[in-house]
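Architecture at a glance
Here is how the chains run, residue by residue.
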Amino acid sequence: MNGFRSPAAALQPPILVVDPDVGQRRFIGRVLGRGGYRTESHASGEEALAAARRERPGLVVLEVRLADISGYEVCRSLKERFGNAVGVVFTSSDRNDPSDRVAGLLLGADDYMEKPIAGDELLVRVRGLLRRLSAHTRAPVA
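Residues numbered from 1 in each chain as written. Predicted model: local features only at pLDDT ≥ 70, side-chain atom pairs only at ≥ 80, totals over all residues. Heavy atoms only, no water.

Our next topic: the pairing of strand β3 (residues 59-63). Counting buried positions over the five residues of β3 gives five, a clear majority of the element. Residue alternation in β3 divides its side chains into two sets, Leu59, Val61 and Glu63 and Val60 and Leu62, and both sets are buried. For the handedness criterion, the β-α-β arrangement of β3, helix α4 (residues 71-82) and strand β4 (residues 87-92) is classed as right-handed. (Buried < 20%, exposed > 50% of the residue type's maximum accessible area, 1.4 Å probe, protein only. Helix = DSSP H or I, 4+ residues; strand = E, 2+ residues; numbered from the N terminus. Right-handed = clockwise from strand over helix to strand, strands pointing away.)

One can find Asp68 in the loop between β3 and α4. In this structure Asp68 comes out as partly exposed when scored by relative accessible area, which is 35%. Sequence separation of Asp68 and Glu47 is 21 residues, and the distance between their C-alpha atoms is 9.7 Å. Discounting chain neighbours no more than four positions away, the residues touching Asp68 are Ser44, Gly45 and Glu46. Separated by 2.9 Å, the side chain of Asp68 and the backbone nitrogen of Glu46 make a polar contact. (Contact = heavy atoms within 4.5 Å. Polar contact = N/O pair within 3.5 Å; in protein donor to acceptor, adjacent residues only side chain to side chain.)

A few words on the packing of aromatic side chains. Throughout the structure, instances matching the rule amount to two aromatic pairs. Between Tyr72 and Phe90 the ring centres are 5.3 Å apart and the planes differ by 75 degrees, which places this aromatic pair in the edge-to-face class. Remark: Phe90 occurs in strand β4 and Tyr72 occurs in helix α4; sequence separation between them is 18 residues. Each of the two residues, Tyr72 as well as Phe90, counts as buried. Ring geometry for Phe90 versus Tyr112: centroids 5.9 Å apart, planes at 50 degrees, classification tilted. Remark: Tyr112 occurs in strand β5 (residues 111-114) and Phe90 occurs in strand β4; sequence separation between them is 22 residues. Each of the two residues, Phe90 as well as Tyr112, counts as buried. (Phe/Tyr/Trp six-rings, centres within 6.5 Å; stacked < 30°, edge-to-face > 60°.)

Throughout the structure, instances matching the rule amount to nine salt bridges. A salt bridge links Lys115 to Asp19; the shortest N-O distance between them is 2.6 Å. Remark: Asp19 occurs in the loop between β1 (15-18) and α2 (22-34) and Lys115 occurs in the loop between β5 and α6 (119-138); sequence separation between them is 96 residues. On the basis of relative accessibility, which here comes to 2%, the residue Asp19 falls in the buried class. Between Arg101 and Glu114 there is a salt bridge, with its nearest N and O atoms 2.7 Å apart. In this pair, Arg101 sits in helix α5 (residues 98-106) while Glu114 sits in strand β5, placing the two residues 13 residues apart along the sequence. Judged by relative accessible area, which is 23%, Arg101 ranks as partly exposed. The class of Glu114 is partly exposed, set by a relative accessible area of 34%. A single salt-bridge network, built from bridges that share partners, covers Asp19, Glu63 and Lys115. (Salt bridge = Lys/Arg side-chain N within 4 Å of Asp/Glu carboxyl O.)

This is the structure in structure tokens:
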């Protein structure tokens, strides 16, 4: 958990930050915490999936390359379990090939950011994605 959070943020599902690099986890957690979001940080895909079983996240900021299972597998598992109720933003420093980004998006990711990540850009993308997800989940089913 990070920084200041509004009372409304305490009622929102957490944002999972999943990255084997502790510096990246701290940076992303600080940025999102300053934005008023509740975050949980995890170093591995298995930790993230266990956390998601305890409490459905609202969004996952997910590094593609994890030590235990790939970020792609984590994304697939989350989407199978929660569908579009959970947003996924992939991050990666070594996946600059457009086909890698396309693969992540085809698996259900909502966005893909290359490292180094600019904090302001991350915050704007997360806000927009959460707004779209919230509108989608409130929309009446036809």
